[in-house]
Amino acid sequence: MSVLVPNDPKSAERVSRLDVGGAIKDAAVATVVAFGLFSLMLGLLTQPGPSGQLTISERPKLLIVSLIVVFVGRFLVAIFTRSLRVPLISRLISPKLSTSFRQLERFAAPALLGFALVVPVLFYSNRYLLDLAILVLTYTMLAWGLNIVVGLAGLLDLGYVAFYAVGAYSYALLAKNFGLSFWVCLPLAGILASFWGIMLGFPVLRLRGDYLAIVTLAFGEIIRIVITNWQDFTGGPNGISGIPRPSFFGIPFTSDPEGFAALFHLEFTPTHRVVFLYYLILALALITCAVTIRLRQLPIGRAWEALREDEIACRSLGVNTTNTKLTAFATGAMFAGFAGSFFATRQGFISPESFVFMESALVLAIVVLGGMGSQLGVAVAALVMLGGFELFRNFEQFRMLIFGAAMVGIMVWRPRGLVATRTPSVYLEKKKDIPAAIVEEARQ
Amino acid sequence: MEYFLQQLINGLTLGSIYALVAIGYTMVYGIIGMINFAHGDIFMVGGFLALIAFLGLLAIGVTAVPLALFLVLIVAMLLTALYGWTVERIAYRPLRGSFRLAPLISAIGMSIFLQNYVQIAQGARVKSLPPLVTGAHVLMDSGKFVVQLTNIQIVIIVTTTVLMLLFSWMVSSTRLGRDMRACEQDLKMAALVGVNTDRTISLTFVIGAALAAVAGIMYLLYYGAIDFFVGFVAGVKAFTAAVLGGIGSLPGAMLGGLMIGLIETFWSAYFSSEYKDVAAFSILILVLIFMPTGILGRPEVEKV
């Protein structure tokens, strides 16, 4: 692709002195484009009038403000990147951040784990934080599961939420209709989800990357539409409510004499259940992580990573690509199934609205931000992403806007995510990191 | 029989809309080999721009429907093309030469961004427009069932046909079309022999977006309502159409669009309308499994 570079005049001529004129020109062009983009969309507002018909009103202030923002923004970017030769943020932080992240990882992972273990103790009285922590862990688990498919095996799965839904509905239906306990349903939900993974995977895994992505997306949508419309079985859009809550290995979290609090001579509080749920999802997430780390060292895990790097080479070396892809798909789906049944038992209520494409996109974004393949990176990314979501809770509307923009931004500035280096699972004498530049080169 | 004929007409109308969107997918895939996931949302933006432009024209006193429609068509095509250009410039161009999945992920981000941008700018409610083009021709009347061809259906089918012819002519006989075909065959080689590849790719996005804008206007006129979420499902269906026809092939996209429109309409008419999306998505999966090159596509050679 280097052939294409001379076409771009900006990269060819780099002005060293302060080129204010050039920057103003850039900014003016950007503003004209922005005027075209925003004039109708932001400058005018369509609203239903008193008679129900749409009427139009002007919003000149919003338009002018947004144009000024574009002008100033583009001007500053032009000044910093062209004239002052300040390297882009990405170039400034990428090598340093990456290596320091690597060095940190040795301490960060145990520290993070230790912190995760004591969260309920530290924030025992803060129900809001505990709930948030459970949410972060649920997404961490989902992202670790998807990481097997996307990060290790290199298969882009846009319908991951379908397996999450299968897990959630499996638990809800099994528990409600047959009265099975959570601990019986959990493995069943995982098995069912991975079964669906294999069913989907078998025919479609011959497809190339992008096609696979779209087919998995279509599959996710099909599952959601079927759940929405199959009223007698799944309750349709109303969902399923009254899903049995988890018990402490058979002891319910109630205020009865038979309940958890009474048996352990504690004062009854609903927090017991929250704490239990927290440790439950922590355990599930850690199992996911541990399994992934172990699998990476087994032949199957190595085959996944080899497949990601070069499928044709893999086939030439006698790796059974279909089986390799299928196991990755099924393993990823199984963890989504576990997470799904946890989700169902925690919420007590599920409906198709929880399993929309946006969830798949969110989990994928976490994996991508985390660096596709790094366990710690993914965990940190889940924390950052959901923490960010919470920060923007008061700006509900802008949350998804920023999320979309961030996804583009990550790809443009840091396509390898937070942790761009790779640690090989097999090595000769010394464990050596593969620097980001080489990783990037390998995957074109 | 009458019912069948009516569904055939409806299906062809719907298919025309899908075909216009599908061209954008197939061109971009043909040239840079990426699925422009945000294309469905460009289609939605086109519909919204048309809606706003139309109301704006009404507000300044342009009430003659044909003139207003013509102006709306021009404005929406131009502005949507600008959106297409900007999206390519911001989200895809910096990623050329990045790893394989990067543009797709970036496109998903762009799609989410555009949906929420429109939602914030214009509100989440469904925007409806009173029917602008009214009137219909009765083709057949058996007493029980009347087969109608409405004027709006005529407008849609005629506009689509004209645009398709114009576009096919452009690809086959202009300098830009030649550049595009060259880029499709080999981007690097085209750059070496002096084709301005960046410009060609930009223009591909611009043209694709303009055609999507027309589709957006047609959608708005046909259904009389639009909301910020229509782009997602319409986009996946148009992509299905492009795949069905053979991705990278222009006649394929047109054929695929019509077929998807017909299949969806007949499915809703004879089976169940709740599962019409399932029908379209299942076709996508089946086609990719059994006929990955589509109807008119060339088999893809895997290179090391």
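In the block above lies the structure referred to throughout.
Description of the structure in this document. Model, not experiment: these values are computed from the prediction.

### Considering the overall build of chain A
Regarding its fold elements, chain A presents 18 helices and 4 strands. Out of the 444 residues in chain A, the part that is buried amounts to 51%. Pairs at least 24 residues apart make up 71% of the contacts formed inside chain A by residues separated by at least 6 positions. Accessible surface computed for chain A: about 21,100 Å², of which carbon and sulfur atoms make up 67%.

### Focus: the pattern of salt bridges
Note on pairing: side chains with opposite charge can pair once their charged atoms come close. Residues and elements named next belong to chain A. For the structure shown, the criterion picks out 15 salt bridges over all chains. Between R224 and E221 there is a salt bridge, with its nearest N and O atoms 2.9 Å apart. In this pair, R224 and E221 both sit in helix α8 (residues 209-229), 3 residues apart, roughly one turn of the helix. On the basis of relative accessible area, E221 is assigned to the buried category, the value being 6%. Through salt bridges with shared partners, a single network forms among R296, E305, R308 and E309.

### Here we look at the packing of helix α2 (residues 39-59) of chain B against helix α4 (residues 102-122) of chain B
All names here are of chain B. Where α2 contacts α4, the two axes come as close as 9 Å, and the packing angle between them is 20°. For the element pair α2 / α4, the angle class is roughly parallel. The two elements α2 and α4 cross, and the hand of that crossing is left-handed. Contacts from D41, I42, M44, V45, F48 and I52 in α2 reach S111, L114, Q115, V118 and Q122 in α4. Of the residues assigned to the contact of α2 with α4, the class counts are 7 nonpolar, 3 polar and 1 charged.

### Thoughts on the interface of chain A and chain B
With 68 residues of chain A in contact, the opposing surface of chain B contributes 76 residues. Between chain A and chain B, the buried area comes to about 6,500 Å², and carbon and sulfur atoms account for 74% of it. At the junction of chain A with chain B, the criterion picks out 0 salt bridges. In this structure, the connection of chain A to chain B is made through 7 residue pairs in polar contact (both at pLDDT 80 or more). Counting residues per element, the ones that place at least two in the side of chain A that touches chain B are α2 (20-41), β1 (44-48), β2 (54-58), α7 (182-204), α8, α13 (311-316), α15 (357-370) and α17 (396-413) of chain A. In terms of residues, the side of chain A that touches chain B owes the most to one element, α8 of chain A, which gives 14 residues. Here the residues of the side of chain A that touches chain B sort into 47 nonpolar, 12 polar and 9 charged.

Here is what the cut-offs are and how they apply
- Residues numbered from 1 in each chain as written.
- Chains lettered and ligands numbered in written order.
- Predicted model: local features only at pLDDT ≥ 70, side-chain atom pairs only at ≥ 80, totals over all residues.
- Heavy atoms only, no water.
- Helix = DSSP H or I, 4+ residues; strand = E, 2+ residues; numbered from the N terminus.
- Buried < 20%, exposed > 50% of the residue type's maximum accessible area, 1.4 Å probe, protein only.
- Contact = heavy atoms within 4.5 Å.
- Areas by Shrake-Rupley, 256 points an atom, 1.4 Å probe, with all protein chains shown as cover.
- Salt bridge = Lys/Arg side-chain N within 4 Å of Asp/Glu carboxyl O.
- Axes fitted to C-alpha atoms, helices over the stretch in contact; angles between N-to-C directions.
- Parallel < 35°, antiparallel > 145°, perpendicular 65-115°, else oblique.
- Left-handed = near helix turned anticlockwise from the far one by under 90°.
- Nonpolar A, V, L, I, M, F, W, Y, C, P; charged D, E, K, R; others polar.
- Buried area = accessible area lost by both parts, 1.4 Å probe.
- Polar contact = N/O pair within 3.5 Å; in protein donor to acceptor, adjacent residues only side chain to side chain.

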